[in-house]
Amino acid sequence: MRRQTMATLGVISVTSVIGLLGGCVSDQAAASFTAPEDYETIEQLVSDADVVAVVQAGDSAVDVVDRVPYTRTELKLRKVLLGVVSKNAHLAVTQVGSTEAPPGAGMAAVLRDGHEYVVVLHRTGAGEFEIVGPGVWRADTLGTSLTLHTAMLPCVPAAIPHVTTPWALEVELGEAGESLGTSVIGSY
């Protein structure tokens, strides 16, 4: 009996590990959308960004297209770290998923109303953006710490900071910008 129990626990453990590792693979087969590109470093994020900014998430609405939820969230601009955005610009980001149907592995978790984030954005239209990379950094209530807000944190490479400070992230973005020849001090 003990041998059978140990064998069963071994199978469960192996199955769990495979499930966890398999979770890091994009689950695009579950829906008809293109999986996001894999990013290994901050430099790769910056190279695909039009804007990196500190924003506060506002109102959001969910649309369902071919059974896939898309959440469009209004953003209030706090500070531009990279790129150029007018100070009073109307900004919105559209993400795959919703709070009821979270996005899959390798995608940023849906932004929540009232929370501040550092976001890496790619422009899709006038005032419209999509998130670049596997997540966004959510600020704590004091604004002294940033934590990567993503669907599957263990799947994000260590070269992309999981927990950092606003100052350390700004320095890292500056170094990435210098290596790419991009100005990281944005204007607005």
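Residues numbered from 1 in each chain as written. Predicted model: local features only at pLDDT ≥ 70, side-chain atom pairs only at ≥ 80, totals over all residues. Heavy atoms only, no water.

Which parts of the structure should I look at to understand helix α3 (residues 166–180)?
The periodicity of an α-helix, 3.6 residues per turn, causes residues three or four positions apart to be oriented the same way. With 15 residues, α3 should reach 21 Å at 1.5 Å per residue; the first-to-last C-alpha distance of 21 Å fits that figure. Residues Leu-169, Leu-173, Gly-174, Ala-176 and Gly-177 constitute the buried set of α3. Looking straight down α3, one finds that the buried residues subtend no more than 165° of arc, so they occupy a single side. Exposed and oriented more than 90 degrees from the buried face of α3 are Trp-167, Glu-175, Glu-178 and Ser-179. (Helix = DSSP H or I, 4+ residues; strand = E, 2+ residues; numbered from the N terminus. Expected span 1.5 Å × (residues − 1). Buried < 20%, exposed > 50% of the residue type's maximum accessible area, 1.4 Å probe, protein only. Arc of directions from axis to C-beta.)

In this structure, what is going on with unusual backbone geometry? I would like to understand it.
Working note: non-glycine residues mostly have negative phi, and peptide bonds are mostly trans. With a phi close to 50°, Asp-66 is a non-glycine residue in the positive phi region. For Asp-66, the location among the structural elements is in the loop between β1 (51–65) and β2 (68–82). Taking the relative accessible area as the measure of exposure, Asp-66 reaches 60% and is therefore exposed. A positive phi angle, near 65°, is found at Arg-67, a position not held by glycine. If you trace the backbone, Arg-67 turns up in the loop between β1 and β2.

What is the right way to look at the pairing of strand β7 (residues 146–149) in this model?
One face of the sheet, then the other: side chains in a regular strand alternate in exactly this way. Both strand β6 (residues 136–139) and β7 contribute to a ladder of four bridges, which runs antiparallel. If you follow Arg-138 over to β7, its bridge partner there is Thr-147. Here β6 folds back onto β7 in antiparallel fashion, the turn holding six residues, of which Gly-143 has a positive phi close to 75°. For β7 and strand β8 (residues 163–164), the ladder comprises two bridges, and the chain directions are antiparallel. Bridge assignment links Thr-147 to a residue of β8, and that residue is Val-163. (Pairing = 2+ DSSP bridges.)

Please clarify how the environment of Gly-114 should be interpreted in this entry.
Topologically, Gly-114 is positioned in the loop between β3 (91–96) and β4 (116–125). Residue classification places Gly-114 among the partly exposed positions, given a relative accessible area of 41%. The spatial distance from the C-alpha of Gly-114 to the C-alpha of Lys-76 is 9.7 Å, given a sequence separation of 38 residues. Beyond its immediate chain neighbours, meaning those up to four positions away, Gly-114 contacts Gln-56 and Ala-57. (Contact = heavy atoms within 4.5 Å.)

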